[in-house]
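One-letter residues, chain by chain:
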Amino acid sequence: MPTTEDQRISYLPVPTEDTAHEGVKKLWAKAQANMGFVPNVFRAQSLNGEQFLAWWNYFNLLVNKEGFLSNAERELLAVVVSGLNRCNYCAVSHGAALRHFTGDTVKADSVAVNWRHAHLTAPEQALCAYAEKLTLFPAKMVEADLQPLRNAGFSDEQIMEAVQVIGMFNMTNRVSSALGFVPNAEYHAQGRK
């Protein structure tokens, strides 16, 4: 469906049901059935259908499937990175997911603004500090940066997954911010009492 300027979700054109790639339309239908809405990022990134589906497969594997980190830990990383990058879409949408997985609205909102002001466990603090350095100073990363994660009890597999999630959100934040993606209104209310 065409959008007006007030409803625009991206600086670029957004495919419609008539023009979208067949695989993308299937993903939209699945999201609608499971979530009750289609995330705007699904619509906005689908301008290049094959590329979007390749991104989605990797993103889905890292963020939504069973992994080495918990869902809450992965969403914590997503919100920290998105907050540091000032990515409105991802901070809002993954803030909703963090609220869902933790049941803690205060923690999720605090992490989005400044993770140091959130009540976090020592392992969560180690993840956040690592995510912050990798996001803001990637050229300054050294092997010693892994030690606080190991001291907090994270395995090498968990560290690898953390690095991949942090990298994914840095890339996704840049795409979302560069093209002005607007978060769905539904995200603002999710996970709130």
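Before reading on, note that the structure itself is shown above.
These numbers were taken from a predicted model, which means no experiment stands behind them.

Right, let's talk about the nonpolar core for a bit. One finds Phe 42, Phe 52, Leu 77 and Val 111 to be the most contacted residues of the largest nonpolar core, which totals 53 residues. Counting only elements with at least two residues in this core, the list comes to α1 (22-35), α2 (40-44), α3 (49-63), α4 (71-84), α5 (88-102), α6 (105-114), α7 (122-136) and α9 (156-178). Element by element, the count of residues in this core is highest for α3, at seven residues. The residues touching Phe 52, leaving out its near neighbours within four places in the chain, are Val 24, Leu 27, Val 41, Phe 42, Gln 45 and Ser 46.

Within the secondary structure layout, Pro 15 lies in the segment before α1. Once the C-alpha coordinates of Pro 15 and Gln 45 are considered, the two residues, 30 residues apart in sequence, prove to be 9.1 Å apart. Ignoring any residue separated from it by four or fewer positions in sequence, one finds Pro 15 in contact with Ala 20, Trp 28, Arg 43, Ser 46 and Leu 47.

This next bit is on the packing of α4 against α5. Put simply, α4 and α5 touch, their axes get as near as 9 Å, and they point 150° apart. Regarding the angle of α4 to α5, the classification is roughly antiparallel. Taken as a pair, α4 and α5 cross one another with a handedness that is left-handed. Touching Asn 71, Ala 72, Glu 75, Leu 76, Ala 78, Val 79 and Ser 82 of α4 are Cys 90, Ala 91, His 94, Gly 95, Ala 97, Leu 98, Phe 101 and Thr 102, all from α5. A class-by-class count of the residues in the contact of α4 with α5 yields nine nonpolar, five polar and one charged.

All right, on to a nonpolar patch on the surface then. A grouping of Tyr 11, Leu 12 and Leu 47 is seen on the molecular surface, where their side chains present a nonpolar patch of about 300 Å² in accessible area. Here Leu 47 lies in the loop between α2 and α3.

For the rest of this paragraph, the subject is the state of the cysteines. Under the criterion given, the structure shown has zero disulfides. Of all cysteine sulfurs, the one in Cys 90 lies closest to Cys 87, which takes part in no disulfide; the gap is 3.6 Å. Look at Cys 90 and you get buried, because its relative accessible area is 3%.

Bringing the packing of aromatic side chains into the picture now. Under the criterion given, the structure shown has nine aromatic pairs. Ring geometry for Trp 56 and Phe 59: centres 5.9 Å apart, planes at 25°, overall stacked. With Trp 56 and Phe 59 both in helix α3 and three residues apart, this pair spans about one turn of that helix. The exposure classification of Trp 56 matches that of Phe 59, with both residues buried. Each member of the aromatic cluster is reached from another via a ring pair, and the members are Phe 42, Phe 52, Trp 55, Trp 56, Phe 59 and Phe 169. Arg 43 extends its terminal NZ or CZ atom over the ring of Trp 28, reaching a point 4.6 Å from the ring centre.

Here we take up α6. Inspection of α6 places Thr 105, Lys 107, Ala 108 and Val 111 among the buried residues, and these make up the whole buried set. On the buried face of α6, the contacting elements are α4, α5 and α7. Structurally, the start of α6 carries an N-cap: the backbone nitrogen of Val 106 is 3.1 Å from a side-chain oxygen of Asp 104.

Let's shift gears to unusual backbone geometry. Residues apart from glycine generally show negative phi values, whereas peptide bonds are mostly found in trans. Notably, Arg 86 is not glycine yet its phi reads approximately 55°, a positive angle. Topologically, Arg 86 is positioned in the loop between α4 and α5.

Let us look at the packing of α3 against α9. The contact between α3 and α9 brings their axes to 10 Å, and the two run at 140°. The pairing of α3 with α9 is recorded here as oblique in orientation. By crossing handedness, the relation of α3 to α9 is classed as left-handed. Residues Trp 55, Tyr 58, Phe 59, Leu 62 and Val 63 of α3 form the contact with α9, whose own contacting residues are Gln 164, Val 165, Met 168, Phe 169, Met 171 and Thr 172. Its residues assigned to classes, the contact of α3 with α9 comprises nine nonpolar, two polar and no charged.

The rules behind the values
Residues numbered from 1 in each chain as written. Predicted model: local features only at pLDDT ≥ 70, side-chain atom pairs only at ≥ 80, totals over all residues. Heavy atoms only, no water. Core = buried A, V, L, I, M, F, W, Y, C linked by side-chain atoms within 4.5 Å. Buried < 20%, exposed > 50% of the residue type's maximum accessible area, 1.4 Å probe, protein only. Helix = DSSP H or I, 4+ residues; strand = E, 2+ residues; numbered from the N terminus. Contact = heavy atoms within 4.5 Å. Axes fitted to C-alpha atoms, helices over the stretch in contact; angles between N-to-C directions. Parallel < 35°, antiparallel > 145°, perpendicular 65-115°, else oblique. Left-handed = near helix turned anticlockwise from the far one by under 90°. Nonpolar A, V, L, I, M, F, W, Y, C, P; charged D, E, K, R; others polar. Patch = residues over 30% accessible without salt bridge, like charges linked within 9 Å, V, L, I, M, F, W, Y side chains within 5 Å. Areas by Shrake-Rupley, 256 points an atom, 1.4 Å probe, with all protein chains shown as cover. Salt bridge = Lys/Arg side-chain N within 4 Å of Asp/Glu carboxyl O. Disulfide = S-S within 2.5 Å. Phe/Tyr/Trp six-rings, centres within 6.5 Å; stacked < 30°, edge-to-face > 60°. Lys NZ or Arg CZ within 6 Å of the ring centre and 35° of its normal. Polar contact = N/O pair within 3.5 Å; in protein donor to acceptor, adjacent residues only side chain to side chain.

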